[in-house]
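So you can see what is in the structure, the chains are spelled out below.
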Amino acid sequence: MAAEQLEQFEGEATIEKVASLCRRRGFVFPSSDIYGGLGSSFDFGHYGVLLNDNVKGEWRRSMIQERDDVVALDSAIILHPQVWVASGHVEGFSDPLVDCRTCKLRFRADQLEQAACGKRPSRHPGGYSECDLTEPRAFNMMFETHVGALRDEASVAYLRPETAQGIFVNFKNITSSLRVKPPFGVAQIGKSFRNEITPGNFLFRMREFEQMEMEFFVPPADAAEWHRYWVDQRHSWHVGLGLRRSHLRVRAHAAEELSHYSSATSDIEYLYPIGWQELEGVANRGDYDLRQHSEASGTKLEWIGHEERYVPHVIEPAISVVRSTLAFLCDAYDEEVVAERPRTVLRLHPRLAPVKVAVLPLIGRDGAMTEKARPLYEELRKSISAEYDDTAAIGKRYRRQDEIGTPWAVTIDDQTLADDTVTLRDRDTLAQERIAIQGTKQLLLDRLDSS
Ligand code: GAP
């Protein structure tokens, strides 16, 4: 790279740069790519799967494993259609939609300022005299399907637009089978589907995405306090896994923004390259859902203790895996010049990194080095996500690992053959230390544990 190109290299993360790295390195591919793609659907490649799994694993760890008061659930995607009538989604889960009769595009009426019209050069919808926008109308975002052999009104069902309802309709099953008592929570990770009008911005708004939701049932008088608690708790989770504090803020919804079920919502917003956007919502759903389902189903969903009986209120932290993954990717993306060469690096938290350690014989064709490297790799991968690479020059292999965010690389070289030591390279500091080959596994496990 020429000197002036190098100077321009150390730039900010943009959605385009992050998307390009994700595609180049096998994290994310446009879905149905060979058919031209399908609006805002993406497929996850090897490293994307591992990264998403780590995000989900960390959420489960903090939500379930490290707590005594939250249990797990995995409910069906297609629920009884009455669930969505009672929940208010059939009536009210809609965005205001406008059509342009000239360019035939559709826009969200409340996001015209951010949208681009179909004419060139593009302006906001309504920006040209030829723009001919319809009045806003409600567009329900649930995907419909049919259950059974007949395709009629009676067989209509919906792909769930949130995982939460599966938790509410299981309230009685859970309280009568597990040792729970308010305050307690039910956590679930699973696919949700929304027919978004204006998807876009890479992974930010998708039509099919995994949600991580937890419904926390509390005595009504304690709801406001628990709402504050969960906003703080979730904010700390993002910071603990590496998001910069300066890239996070909490914003309380104004009354007119609240969802039909919410009495108070605070969004944890992240400064994505496209600006401040919702990363996670923490809602106080009050007793809305349990009351709606009690009335509609005829089954009383309430807490009955020794001397008390009440409908619990619900605090709900809700986030999607992709919005979380995208925030971690954007925050971790870095470009720098090292020894006059450009380096792109994902400074992911080690617990999130898809691969924790790369095992690299310095000279891939050197049989003595590969004979040392292979057994070390076999040993490491039993306890830690590891990768073995003996192709290409060592610098190229390091750069590849930097781009997928691997925090450590172990190199086997001539000295290894003489004294059974290896070099341990740190992704962020680029420091290289000499360590004993036998102690490598324990050292890495300790560093991962303390990271
Ligand atoms: N159960 C409450 C609920 O679903 P929401 O604010 O509509 O509330 C919760 O969604 C979270 O799900 C959001 O904070 C965001 O992280 C994620 N999310 C919502 N729509 C999304 C979409 N189209 N693509 C990706 N993530 C989405």
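We now turn to the structure provided with this report. All values derive from a computational prediction rather than experimental measurement.

1. Overview of the overall build of the protein chain
Then, in step 1: From N to C terminus, the protein chain includes 14 helices and 23 strands.
Then, in step 2: Taking all 451 residues of the protein chain together, 49% fall into the buried category.
Then, in step 3: Long-range pairs, those at least 24 residues apart, make up 65% of the contacts in the protein chain between residues at least 6 apart in sequence.
Then, in step 4: Total accessible area computed for the protein chain in this model is approximately 21900 Å², and 49% of it derives from carbon and sulfur atoms.
Then, in step 5: Positive and negative side-chain charges in the protein chain, numbering 55 and 69 respectively, have mean positions lying 3 Å apart.

2. So, the sheet that holds strand β23 (residues 432–436)
Strand pairs in the sheet, formed through backbone hydrogen bonds, run parallel or antiparallel to each other.
Then, in step 1: Taken together, five strands build an open sheet; the order of strands is β20-β19-β21-β22-β23 and the sheet is mixed. Looking along the sheet, the strands with just one partner apiece sit at the ends: β20 (386–388) and β23. The mean angle between the axes of side-by-side strands here comes to 25°, regardless of whether they run parallel or antiparallel.
Then, in step 2: Packing against the sheet, helix α11 (residues 367–380) makes contact with β19 (357–361), β20 and β21 (408–412), and its axis sits at approximately 165° to β19.

3. Thoughts on the pairing of strand β10 (residues 208–218)
Then, in step 1: The element β10 is extensively covered by neighbouring structure, given that nine of its eleven residues are classed as buried.
Then, in step 2: Note that strand β9 (residues 184–193) and β10 share ten bridges and pair antiparallel. In the strand pairing of β10, Ile189 is matched with Met212.
Then, in step 3: Pairing of β10 with strand β16 (residues 313–320), which is carried by six bridges, proceeds in the antiparallel orientation. Within the sheet, the bridge partner assigned to Met212 lies in β16 and is Ile319.

4. Re the nonpolar core
Then, in step 1: Ranked by internal contacts, the top residues of the largest apolar core, which has 54 residues, are Phe27, Trp59 and Phe202.
Then, in step 2: Membership of the second largest hydrophobic core comes to 19 residues, among which are Ile384, Ala386, Trp408 and Leu424.

5. Examining the environment of Arg309
Then, in step 1: Tracing the chain through its elements places Arg309 in strand β15 (residues 309–310).
Then, in step 2: Once you skip the residues sitting within four places of it in the chain, Arg309 turns out to touch Lys300, Glu302, Trp303 and Ile304.
Then, in step 3: Separated by 2.8 Å, the side chains of Arg309 and Glu302 make a polar contact.

6. Some points on the site of the ligand
Then, in step 1: Taken together, 22 residues lie around the ligand, and Glu162, Glu196, Met206, Glu213 and Glu278 are the ones closest in.
Then, in step 2: Measuring from an oxygen atom of the ligand, one finds a side-chain N or O atom of Glu278 at 2.5 Å.
Then, in step 3: At a separation of 2.8 Å, a nitrogen atom of the ligand approaches a polar side-chain atom of Ser320.
Then, in step 4: At the level of secondary structure, the elements contributing two or more residues to the shell around the ligand comprise β10, β13 (275–286), β16 and α10 (321–332).

7. Observations concerning helix α2 (residues 15–24)
Then, in step 1: Within α2, burial applies to Ile15, Val18, Ala19, Leu21 and Cys22. The buried residues of α2 occupy one face: seen down the axis, they fall within an arc of 160°.
Then, in step 2: Elements in contact with the buried residues of α2: β1 (28–30), α10, β17 (333–338), β18 (341–346) and α12 (394–404).
Then, in step 3: Following α2 by one or two positions, Gly26 adopts a phi angle in the positive range, close to 75°.

8. Observations concerning the packing of aromatic side chains
Then, in step 1: Going through the model one piece at a time under the given rule, you end up with 14 aromatic pairs.
Then, in step 2: Their ring planes at 90° and their centres at 5.1 Å tell us that Tyr229 and Trp230 sit as a pair that is edge-to-face.
Then, in step 3: Judged by its relative accessible area of 1%, Trp230 is buried.
Then, in step 4: Both rings, one in Tyr270 and one in Tyr272, keep their centres 4.8 Å apart while their planes meet at 85°; by these two values the pair is edge-to-face.
Then, in step 5: Classification of Tyr270 by relative accessible area gives buried; the value is 1%.
Then, in step 6: Clustering of aromatic rings is evident, with ring pairs tying together Phe168, Phe171, Phe184 and Phe217.
Then, in step 7: Across from the ring centre of Tyr398, 4.2 Å away, lies the NZ or CZ of Arg425, which sits over that ring.

9. Some details on empty space enclosed by the protein
Then, in step 1: Applying the stated criterion across every chain, the model contains one cavity of 30 Å³ or more.
Then, in step 2: Estimates place the volume of the largest cavity at around 40 Å³.
Then, in step 3: What lines the largest cavity is Tyr398, Gln401, Asp402, Thr406, Pro407, Trp408, Ala409, Arg425 and Arg427.
Then, in step 4: When residues of the lining of the largest cavity are traced back to their parent elements, those giving at least two are α12 and β21.
Then, in step 5: Take the lining of the largest cavity: its biggest share by element is three residues, from α12.
Then, in step 6: In the lining of the largest cavity, the residues fall into four nonpolar, two polar and three charged.

The rules behind these values
- Residues numbered from 1 in each chain as written.
- Predicted model: local features only at pLDDT ≥ 70, side-chain atom pairs only at ≥ 80, totals over all residues.
- Heavy atoms only, no water.
- Helix = DSSP H or I, 4+ residues; strand = E, 2+ residues; numbered from the N terminus.
- Buried < 20%, exposed > 50% of the residue type's maximum accessible area, 1.4 Å probe, protein only.
- Contact = heavy atoms within 4.5 Å.
- Areas by Shrake-Rupley, 256 points an atom, 1.4 Å probe, with all protein chains shown as cover.
- Lys, Arg positive; Asp, Glu negative; His and termini not counted.
- Charge placed at Lys NZ, Arg CZ, Asp CG, Glu CD.
- Pairing = 2+ DSSP bridges.
- Axes fitted to C-alpha atoms, helices over the stretch in contact; angles between N-to-C directions.
- Core = buried A, V, L, I, M, F, W, Y, C linked by side-chain atoms within 4.5 Å.
- Polar contact = N/O pair within 3.5 Å; in protein donor to acceptor, adjacent residues only side chain to side chain.
- Near = heavy atom within 4 Å.
- Arc of directions from axis to C-beta.
- Phe/Tyr/Trp six-rings, centres within 6.5 Å; stacked < 30°, edge-to-face > 60°.
- Lys NZ or Arg CZ within 6 Å of the ring centre and 35° of its normal.
- 1 Å grid on protein atoms, 1.4 Å probe; cavity = no way out; pocket = protein on both sides within 12 Å on 5 of 7 lines; lining within 4 Å.
- Points joined across faces, edges and corners; volume = space filled by probe spheres on them.
- Nonpolar A, V, L, I, M, F, W, Y, C, P; charged D, E, K, R; others polar.

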